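Chain residues, written in single-letter form:
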Amino acid sequence: MNLSKQFRFSLFRDYNVLKKQSFKTSCYHRTNAKINEDNDKTTHFGFKTVKESEKVKEVYSVFENVADSYDQMNDAMSFGIHRIWKDQFIQKLNPQHGCKLLDCAGGTGDITFRYLQHLQNKPNPKAVKSHVTVFDINANMLDVGQARASRLGYTVENGHDIDWVQGDAEKLPFEDNTFTAYTIAFGIRNVTRIDKALSEAHRVLKPGGRFLCLEFSHVENDLLRWAYDQYSFQIIPVLGTLIAGQYKPYQYLVESIRRFPKQEEFKSMITHAGFKNVSYENLTFGTVAIHEGHKC
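None of the values given here were measured: they were computed from a predicted structure.

(A) Geometry of the UniProt feature "binding site: S-adenosyl-L-methionine" (unreviewed entry) in the chain. Listed under "binding site: S-adenosyl-L-methionine" (unreviewed entry) in the UniProt record, and renumbered for this structure, are Thr108, Asp136, Asp168 and Ala169. Looking at the element boundaries, Asp168 is found in the loop between β5 (162-166) and β6 (179-185). On the basis of relative accessible area, Ala169 is assigned to the buried category, the value being 9%. Those residues within four positions of Ala169 in sequence are excluded, and the remaining contacts are Cys104, Phe135, Val191, Ala197 and Glu200.

Here it is in structure tokens:
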């Protein structure tokens, strides 16, 4: 090979090497940009914008700080009406003996205890066993619930099949098609990615299983909404300071309610997760709503 040919071959070889290196570098930067983009995804924490990873910690801290006074504050904020809402929620669920319930974000046991009481009031001549798993991301809330269960007699020793499990609603540690019912009361607006929590709920339900969500919602009447907003922003954080010694968690509470999807939008999200026959029922003028879906 003469020098001219060697030179041209060398240029061609070097060009292809540089082209490959350029392609690899481009892919590297695009991949890392995507990783950084994923890591930097933001969401809302009340009216604040935070990284998704930060919201998990913030929400955990909120409920860790108010766990001991959680039920007392619920009574004070709602004038006790939350008890009626939860009673109606269980009536809508209307569990039968043999039901296997996942009570998500149910740390203090309010829904679980109503579920167990409802079953106790139903005849069970064949002694069919039912089960409930109380699931919550916050250990303090679960501790409060277990202490209440012991005081109320809802224990394994008294014949109640109940588990207490800590974990993330977006990554449920259960097999597919495990539960016949999934409930979540005043908890879904606190998860970072609602769509993932709904998808997980659908995954762990058996075919024919029911999803029920009780959550603060949106008041449609302008005058009532104005009055509700005044009460929420002016009174509830003050009650939090007086009763729980905490202002910020209840400021977050009222802000998070305003950021939660409206009834029709949330209904669409549940449908998108795979549920069928999705519907909702407003309670107290839309202050809260019960959303329901079925897994076919």
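After that view, the rundown keeps rolling.
(B) Structural detail: the environment of Tyr280. Of note, Tyr280 is situated in strand β8 (residues 276-283). Separated by 14 residues in sequence, Tyr280 and Phe266 place their C-alpha atoms 9.4 Å apart. Discounting chain neighbours no more than four positions away, the residues touching Tyr280 are Gln263, Glu264, Lys267, Ile290 and His291. Side-chain polar atoms of Tyr280 contact the side chain of Glu264, separated by 3.0 Å.

(C) Inspection of helix α10 (residues 248-259) at higher detail. Here α10 is twelve residues long and its end C-alpha atoms lie 16 Å apart, about the 16 Å a rise of 1.5 Å per residue gives. Most of α10 is tucked away: nine of the twelve residues are buried. Of all the positions in α10, only Pro249, Tyr250, Gln251, Tyr252, Leu253, Val254, Glu255, Ser256 and Ile257 are classed as buried.

(D) Looking closely at the confidence of the model for the chain. Chain-level pLDDT for the chain is 84 on average; 79% of the residues reach the 70-or-more range. Here residues 3-38 scores under 50 on pLDDT; set against residues more than four positions off or in separate chains, the count is one contact.

(E) Region of interest: helix α9 (residues 236-244). Of the positions making up α9, those classed as buried are Ile236, Pro237, Leu239, Gly240 and Ala244. Down the axis of α9, the sector holding all buried residues measures 155°, keeping them to one side. Packed against the buried residues of α9 are α3 (70-78), α8 (222-234) and α10.

Definitions and limits used
Residues numbered from 1 in each chain as written. Predicted model: local features only at pLDDT ≥ 70, side-chain atom pairs only at ≥ 80, totals over all residues. Heavy atoms only, no water. UniProt positions renumbered as here; feature names shortened; annotations may be inferred. Helix = DSSP H or I, 4+ residues; strand = E, 2+ residues; numbered from the N terminus. Buried < 20%, exposed > 50% of the residue type's maximum accessible area, 1.4 Å probe, protein only. Contact = heavy atoms within 4.5 Å. Polar contact = N/O pair within 3.5 Å; in protein donor to acceptor, adjacent residues only side chain to side chain. Expected span 1.5 Å × (residues − 1). pLDDT = per-residue confidence, 0-100. Arc of directions from axis to C-beta.

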